[in-house]
Amino acid sequence: MGKIEWAMWANEQALASGLILLTGGIIGVAGQFRGWQFAAYSVAAGVFVCLLEYPRGKRAKGTSMERTGQYCFTVCVKAFGPLTRNYYVRAFLHAAICVPGGFMLATVLGCVCLGIASLIYLAAAIRGEHWEPILPRKETRKPVGESIKNPPQNPPPRPPPEMRRKQAGDLEKAVYDNPMPVTDE
């Protein structure tokens, strides 16, 4: 069986939890719930987590699909170097960010989801994974092979050479010889 890439799962979990934390924070601030200051913090934390987690990392094997508009966020995340590339740092950062969200009911779900993402990032870091950016590749055109320059003359299906029709240049030689005997009954 293949090796599980935990960072990919942690990235999706953290992005979803950032959106949940943001939504809970907006609800807490708009409703002026008791302790709405924690909700205001959750709005800022949710935006930060979403900006940090939006760019997907490059997979170790296989193809990596980048998100729409990911490139500008990738440049920003890449600029912080080892602080954002190391999954130990991300695990502890997410664990610290999610603590204040636990003091208010509107942000508890985002807090729990971010805590789970933190644990998944910790598992990814223990297994030696790290974040690599998905950079746009330059498409290079391969030179056209010799077989493509001269396309086949006969359309498929192509019979073996000995069964092909003879050229019509010489009418006597162009007569088709049927290898199967045909009898009229």
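Our subject is the structure that appears above.
I will try to describe carefully the structure that is included in this document. (Residues numbered from 1 in each chain as written. Predicted model: local features only at pLDDT ≥ 70, side-chain atom pairs only at ≥ 80, totals over all residues. Heavy atoms only, no water.)

Glancing now at the environment of alanine 124. Secondary-structure assignment places alanine 124 in helix H6 (residues 108-126). Residue classification places alanine 124 among the buried positions, given a relative accessible area of 0%. For the pair alanine 124 and glutamate 5, spaced 119 residues apart in the sequence, the C-alpha separation amounts to 7.3 Å. (Helix = DSSP H or I, 4+ residues; strand = E, 2+ residues; numbered from the N terminus. Buried < 20%, exposed > 50% of the residue type's maximum accessible area, 1.4 Å probe, protein only.)

This part covers the nonpolar core. By size, the foremost hydrophobic cluster in this structure holds 13 residues, and its most contacted members are Tyr87 and Tyr121. Of all the secondary-structure elements, those providing two or more residues to this core are helix H1 (6-30), helix H5 (87-98) and H6. By residue number, the principal contributor to this core is H6, which donates five residues. Setting aside residues up to four positions removed in sequence, tyrosine 121 forms contacts with Ala7, Ala10, Asn11, Ala14, Glu53, Tyr87, Arg90, Ala91 and His94. Residues Leu21, Ala45, Ile97 and Leu114 belong to the second largest nonpolar core, which totals seven residues. (Core = buried A, V, L, I, M, F, W, Y, C linked by side-chain atoms within 4.5 Å. Contact = heavy atoms within 4.5 Å.)

A word on H6. An α-helical turn contains 3.6 residues, so any two residues separated by three or four positions project in the same direction. Look at H6: 27 Å from first C-alpha to last across 19 residues, which is about the 27 Å you get at 1.5 Å a residue. Within H6, burial applies to Gly110, Cys111, Cys113, Leu114, Gly115, Ala117, Ser118, Ile120, Tyr121, Ala123, Ala124 and Ala125. Positive backbone phi, at 85°, marks glycine 128, one or two positions downstream of H6. (Expected span 1.5 Å × (residues − 1).)

Right, let's talk about the packing of aromatic side chains for a bit. Applying the stated rule across the entire model yields three aromatic pairs. Residues phenylalanine 38 and phenylalanine 103 carry aromatic rings whose centres are separated by 5.2 Å and whose planes lie at 35° to one another, so their mutual orientation is tilted. Taken as a pair, phenylalanine 38 in helix H2 (residues 36-53) and phenylalanine 103 in the loop between H5 and H6 lie far apart in primary sequence, 65 residues in all. Phenylalanine 103 sits in the exposed class, given a relative accessible area of 57%. Seen in terms of ring centroids, tyrosine 54 and phenylalanine 73 are 5.3 Å apart; in terms of plane orientation they differ by 70°. Their pairing is edge-to-face. Of the two residues, tyrosine 54 is situated in the loop between H2 and helix H3 (70-79) and phenylalanine 73 in helix H3; the sequence distance between them amounts to 19 residues. Above the face of the tyrosine 54 ring, arginine 67 is positioned so that its terminal group lies 5.6 Å from the ring centre. (Phe/Tyr/Trp six-rings, centres within 6.5 Å; stacked < 30°, edge-to-face > 60°. Lys NZ or Arg CZ within 6 Å of the ring centre and 35° of its normal.)

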